[in-house]
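Coordinate inspection notes
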Amino acid sequence: MRICRFNDDRLGIVEGSEIVDVTAALDVIPETGWPAPPGDALIAHLDAVLIRAREIAPDAQRVPLSGALLKSPVANPNKVIGAPVNYYAHQDEAIKDAGVNFGREIKTIDHYGLFLKNPVLVGPGEGVALHFPDHRNDHEVELSLVIGRAGKDIPYEHALDHVAGYASAFYTLQPGDVIMTGTPEGVGPVVPGDTMHCFCEGVGEMDVAVRAA
């Protein structure tokens, strides 16, 4: 099952060229007071939401996928974690092209460790806005992991076997946290008006427009 957040924060199931609107399934998420629990409520209760979504899907409204504004399925990430220089092929191309890393020495994730990014995500329908178009901006395609349950205190000797475990050695992971696993080779500059096309075998593909902020 492929879920999506679309239009005015509707929840959908993507089936072929249509989206099944199962927003009503969000009613199974418990109401919370203040302070709100950390993490993304949908991701934290995803199992229950999907059970309810399957129940109501046969009678739910359908809308064309082509006309929908697709947003990030994670609406409220607590953290977005980056894994720099996690692929040797990307390291090699960055060494050959000094502009990739703005002339700085290229080292691997073992040296840099992980880093936190601004926890703002956009979907393909929203596009990417370049705030500094006079500077070089490179596209990057990364397979991202979304944390489904909180995790901490994983033994260091075991944590290095998994990217999520490696991150948990440094951060307490909350539902909806996103871990970007690094960029393979093939980066390059983009400018307003470009369209970035990304593809991951077994996952899917999407086009993301680039515009000036």
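To be clear, the structure that these remarks concern was listed above.
Summarised in this report is the structure supplied together with it. (Residues numbered from 1 in each chain as written. Predicted model: local features only at pLDDT ≥ 70, side-chain atom pairs only at ≥ 80, totals over all residues. Heavy atoms only, no water.)

Considerations on the sheet that holds strand 6 (residues 80–82)
The mixed open sheet is built from four strands, whose spatial order is 7-6-11-10. The outermost strands of the open sheet, each flanked by one partner alone, are strand 7 (115–117) and strand 10 (144–146). With direction set aside, neighbouring strand axes in the sheet form an average angle of 25°. Sheet topology note: the strand 10/strand 11 (residues 178–180) ladder contains three bridges and is antiparallel. Bridge pairing in strand 11 links S144 to M180. (Pairing = 2+ DSSP bridges. Helix = DSSP H or I, 4+ residues; strand = E, 2+ residues; numbered from the N terminus. Axes fitted to C-alpha atoms, helices over the stretch in contact; angles between N-to-C directions.)

So, the sheet that holds strand 2 (residues 10–15)
Read across the sheet, five strands follow the order 4-3-2-1-5 without closing on themselves; strand pairing throughout is antiparallel. At either margin of the open sheet sits one strand with a lone partner, and together these are strand 4 (62–64) and strand 5 (70–71).

Let's talk about the pairing of strand 1 (residues 2–6)
Pairing between strand 1 and strand 2: five bridges, direction antiparallel. Its bridge partner lying in strand 2, R2 is registered against V14. Linking strand 1 back to strand 2 in an antiparallel pair, the connection comprises three residues, with N7 at a positive phi of about 50°. Relative to strand 5, strand 1 runs antiparallel, the two sharing two bridges. Residue pairing across strands places R5 opposite K71, the latter belonging to strand 5.

Quick look at unusual backbone geometry
Residue P35 is bonded to the preceding W34 through a cis peptide linkage, with omega at -5°. Mapped onto the fold, P35 is located in the loop between strand 3 (18–21) and helix 1 (41–44). A positive phi is found at N7, a non-glycine position, where the angle reads about 50°. The residue N7 is located in the loop between strand 1 and strand 2 in this model. According to the relative accessible area criterion, N7 is partly exposed, its value standing at 32%. For D9, which is not glycine, the phi dihedral falls at a positive 55°. If you trace the backbone, D9 turns up in the loop between strand 1 and strand 2. (Buried < 20%, exposed > 50% of the residue type's maximum accessible area, 1.4 Å probe, protein only.)

Topic: the nonpolar core
Residues L11, I13, V20, V22, A25, I29, L42, V49, A53, I56, A57 and A60 constitute the largest nonpolar core, which totals twelve residues. For this core, the secondary structure elements donating two or more residues are strand 2 and helix 2 (46–56). Ignoring any residue separated from it by four or fewer positions in sequence, one finds L42 in contact with L11, L26, I29, V49 and P73. Membership of the second largest hydrophobic core comes to ten residues, among which are I81, I109, Y166 and L173. (Core = buried A, V, L, I, M, F, W, Y, C linked by side-chain atoms within 4.5 Å. Contact = heavy atoms within 4.5 Å.)

So, the pattern of salt bridges
Per the stated rule, a full pass over the model turns up eight salt bridges. Where R62 meets E15, a salt bridge forms, and the shortest distance between an N and an O atom there is 3.0 Å. Here E15 lies in strand 2 and R62 lies in strand 4, a separation of 47 residues in the sequence. Notably, a salt bridge pairs E18 with R62, separated by 3.2 Å at the nearest N-O pair. You can see E18 sitting in strand 3 and its partner R62 sitting in strand 4, a full 44 residues away along the chain. Overall, E18 belongs to the partly exposed group, its relative accessible area being 32%. (Salt bridge = Lys/Arg side-chain N within 4 Å of Asp/Glu carboxyl O.)

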